[in-house]
Amino acid sequence: MEGPDNVSVETMGMIPRAIRQIFSCAEELKIKGWQYKFTASFLEIYNETIKDLLVNRPDKKQEYDIRKVNNTSNEVYVTNLRYVEVSSVEEVHDLLHAAKTHRSVAKTALNDRSSRSHSVFQLKIEGENKLRDVHTSSVLSLIDLAGSERLDRSLSTGDRLKETQSINTSLSTLGMVITSLCNKDSHIPYRNSKLTYLLQNSLGGNSKVLMFVNISPLEENFAESLNSLRFASKVNECVIGTARANRK
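Every chain is numbered on its own, with residues counted from 1 as its sequence reads. Only residues with pLDDT of at least 70 are given local features in this predicted model, and only at 80 or more are side-chain atom pairs given and counted; all residues enter the totals for whole chains, interfaces and linings. Side-chain calculation: all heavy atoms of the structure are included, whereas hydrogens and water are not.

Draft legend 1. Region of interest: helix α1 (residues 14–29). Between its first and last C-alpha atoms α1 spans 23 Å; for 16 residues at 1.5 Å apiece the expected length is 22 Å, and the two agree. The buried label goes to any residue with under 20% of its type's maximum accessible area, the exposed label to any with over 50%, and the partly exposed label to all in between, with areas taken from a 1.4 Å probe on protein chains only. In DSSP terms, a helix is any run of H or I states spanning at least four residues, a strand is any run of E spanning at least two, and both are numbered starting from the N terminus. Buried residues of α1: I15, P16, I19, I22, F23 and A26, and no others. Projected onto a plane normal to the axis of α1, the buried residues spread over an arc of 125° and lie on a single side. Residues count as neighbours in contact if any of their non-hydrogen atoms are within 4.5 Å of one another. Elements in contact with the buried residues of α1: β1 (34–46), β5 (84–86), α2 (89–100), β8 (118–129) and β9 (134–144). What a helix should span is 1.5 Å times the count of its residues minus one. The arc in question is the one traced by the directions running from the helix axis out to the C-beta atoms.

In structure tokens form, the structure reads like this:
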């Protein structure tokens with residue numbers, strides 16, 4: 001999602017590409033009277049625990065809870081999380097570099113450097129056009145999901161086993177949420193995991209979702225690739241309606 005350490009225009013990941021596009025569009029819209037404020041955050045969900053990736057010396061006693069902004073809104077925020085106002089692509093790149101050094105990674109039998117958590121980069125975008133007396137707001141969420149693992153192949157034990165179980169459970173919950181949205185169920189199990197609870201406004205309601213699914217070309221990984229394609233097919237079939245601009 002971030003790209004390599006020595007990032008360039010050709011090698012930059014999804015997050016820097018999206019940020020570059022957003023700031024470019026914001027600059028172009030100035031001529032039409034629009035002014036924008038951007039606020040970034042970056043966290044990971046490790047074993048169903050939230051960790052702030054923008055804090056250099058985290059306090060292990062600090063608790064991060066997902067709460068609603070108010071009783072009349074479904075918008076959520078994370079308590080004690082560091083939210084940083086940014087005004088340039090370079091400032092976001094600095095945050096990405098700092099966050100990358102704080103990710104939870106470990107070695108397994110399948111991967112020398114495996115992500116052991118889901119990372120969530122969010123950019124809150126608030127726009128104002130005084131000429132038209134219009135305000136807009138939205139949140140862009142860019143998520144790097146940890147890959148599911150088969151325990152008989154990853155040979156995970158101890159902490160690695162607990163991490164694998166947590167990853168697989170949260171991905172299963174994500175699948176259940178998507179299925180519930182597809183079926184238009186009255187109850188969507190967002191609260192069954194920290195990942196879906198945090199991203200509930202990005203998954204349902206007035207939102208638009210794009211998912212990339214990575215698969216391995218190796219024959220030995222056929223079973224995992226097939227499961228990934230089945231999951232992608234399920235997501236692709238989900239239609240929740242047309243997203244609308246959040247204006248007031």
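Draft legend 2. Focus on a nonpolar patch on the surface. On the surface, a cluster of nonpolar side chains totalling about 420 Å² of accessible area is made up of M1, M14, L210 and F212. With respect to the secondary-structure elements, M14 resides in helix α1. Patch rule: a residue counts if its relative accessible area is over 30% and it has no salt bridge; like charges are joined within 9 Å, and nonpolar side chains (Val, Leu, Ile, Met, Phe, Trp, Tyr) within 5 Å. Areas reported as accessible are Shrake-Rupley estimates using a 1.4 Å probe. Residue values count occlusion only from the protein chains shown. Should a side-chain nitrogen of Lys or Arg be within 4 Å of a carboxyl oxygen of Asp or Glu, the pair is scored as a salt bridge.

Draft legend 3. Quick look at α2. When the terminal C-alpha atoms of α2 are compared, their 17 Å separation across 12 residues agrees well with the 16 Å that a helix rising 1.5 Å per residue should span. Of the residues making up α2, those classed as buried are V89, V92, L95, L96 and A99. The buried residues of α2 occupy an angular sector of 120° when the element is viewed end-on, so they sit on one face. Opposite its buried face, α2 presents the exposed residues E90, D94 and H97, each directed more than 90 degrees away. Contacts from the buried residues of α2 go to α1, β1, β5 and β8.

Draft legend 4. Expanded view of the pattern of salt bridges. Applying the stated criterion across every chain, the model contains 4 salt bridges. Between E27 and K30 there is a salt bridge whose closest N-O contact spans 3.3 Å.

Draft legend 5. Representation of empty space enclosed by the protein within the structure. Each cavity reported here is a set of points on a 1 Å grid over the protein atoms alone in which a 1.4 Å probe fits but cannot get out, each pocket an open set with protein on both sides within 12 Å along at least five of seven lines, and each lining residue one with an atom within 4 Å of a point. Grid points are joined across faces, edges and corners, and a volume is the space filled by probe spheres set on the points. Going through the model one piece at a time under the given rule, you end up with 1 cavity of 30 Å³ or more. Empty space within the largest cavity amounts to approximately 50 Å³. In this structure, the largest cavity is lined by I45, Y46, N47, E48, R116, S117, H118, E163, S166, I167 and S170. With 4 residues, helix α4 (residues 158–182) is the largest single contributor of residues to the lining of the largest cavity.

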